[in-house]
Amino acid sequence: MQITSKFTIAVHIITAIDYFKDSVKVTSSFLAGSVGANPVIVRNVMGNLKKAGIIEVSQGKSGIALSKKLDKITLFGIYKAVDCVNDEGLFHFHENPNPACPVGRNIHKALDEELHSIQDAMENQMRKITLADVVGKTRKEIRKEAK
């Protein structure tokens, strides 16, 4: 199962908000242009980020701004904010393994713990990476382009 593009869209949105905050009014239309996605999708993701307390949206001069410092926003926080994974988890197990088959009867017992371990490892790594890291790397790439 794949994590939806809402996750990378959210990271893109936050990075763009920080990058453009001093030069343009950041709006959902502006962000949709940067992301290259339908404005409705961008507004949906922004709604999740707002609900999670990561961004604030103002209809006035300021537009969209970050509610938290970049080093306080983790990839895990974004992942949870945009509901990338339901309560079942990252991996969706096939519905009806055959209980009359010895493999079908036991595959959950053999694989469930492993899949949970994989998801835990991924989520723990995501907790270590902040948007300050991502923004720093993005700015470095932009500077390399300018040379």
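Here the structure is a predicted model, which is why all the values come from computation and not from measurement.

(A) Representation of the packing of aromatic side chains within the structure. Taken as a whole, this structure holds four aromatic pairs when the rule is applied. With a centroid separation of 6.5 Å and an interplanar angle of 85°, the aromatic rings of Phe7 and Tyr79 are classed as edge-to-face. Of this pair, Phe7 sits in helix H1 (residues 6-20) while Tyr79 sits in helix H4 (residues 75-81), placing them 72 residues apart in sequence. For Tyr79, a relative accessible area of 2% puts it in the buried group. Three or more aromatic residues joined by ring pairs make a cluster, and in this case those are Phe7, Phe76 and Tyr79.

(B) Focus on the environment of Asp133. Note that Asp133 resides in helix H6 (residues 131-146). Under the relative-accessibility criterion, Asp133 is labelled partly exposed at 36%. Taking C-alpha positions, Asp133 is 15 Å from Ile13, a pair spaced 120 residues apart along the chain. A distance of 2.9 Å separates a polar atom in the side chain of Asp133 from the backbone nitrogen of Thr130.

(C) Structural detail: the nonpolar core. Among the nonpolar cores identified, the biggest contains 33 residues, and Phe7, Ile13, Leu31, Leu49 and Ile78 are the most heavily contacted of them. Those elements that provide at least two residues to this core are H1, helix H2 (28-35), helix H3 (39-51), H4 and H6. The element that contributes the greatest number of residues to this core is H1, accounting for eight residues. Among residues more than four places away in sequence, those in contact with Leu31 are Ile13, Ala16, Ile17, Val26, Val42, Met46 and Ile64.

(D) Up close: a positive patch on the surface. On the surface, a cluster of positive charge is made up of Lys137, Lys140, Arg143 and Lys147. Here Lys137 is to be found in helix H6. For Lys137, a relative accessible area of 61% puts it in the exposed group.

(E) Representation of the side chain of Thr130 in the model. The topology assignment puts Thr130 in the loop between helix H5 (102-128) and H6. In this structure the side chain of Thr130 is engaged in a polar contact, spanning 3.2 Å, whose partner is the backbone nitrogen of Ala132. When sequence neighbours within four positions are dropped, the list of residues in contact with Thr130 reads Leu70, Asp71, Ile73 and Thr74.

(F) View of the environment of Ser67. Here Ser67 lies in the loop between strand S2 (64-66) and H4. Along the chain, Ser67 and Leu49 lie 18 residues apart, while their C-alpha atoms are 9.7 Å from each other. Residue contacts for Ser67: discarding those within four places in its chain leaves Gly53, Ile54, Ile55 and Glu56. At a separation of 3.4 Å, a polar atom in the side chain of Ser67 contacts the main-chain amide nitrogen of Glu56.

Parameters at a glance
Residues numbered from 1 in each chain as written. Predicted model: local features only at pLDDT ≥ 70, side-chain atom pairs only at ≥ 80, totals over all residues. Heavy atoms only, no water. Phe/Tyr/Trp six-rings, centres within 6.5 Å; stacked < 30°, edge-to-face > 60°. Helix = DSSP H or I, 4+ residues; strand = E, 2+ residues; numbered from the N terminus. Buried < 20%, exposed > 50% of the residue type's maximum accessible area, 1.4 Å probe, protein only. Polar contact = N/O pair within 3.5 Å; in protein donor to acceptor, adjacent residues only side chain to side chain. Core = buried A, V, L, I, M, F, W, Y, C linked by side-chain atoms within 4.5 Å. Contact = heavy atoms within 4.5 Å. Patch = residues over 30% accessible without salt bridge, like charges linked within 9 Å, V, L, I, M, F, W, Y side chains within 5 Å. Areas by Shrake-Rupley, 256 points an atom, 1.4 Å probe, with all protein chains shown as cover. Salt bridge = Lys/Arg side-chain N within 4 Å of Asp/Glu carboxyl O. Lys, Arg positive; Asp, Glu negative; His and termini not counted. Charge placed at Lys NZ, Arg CZ, Asp CG, Glu CD.

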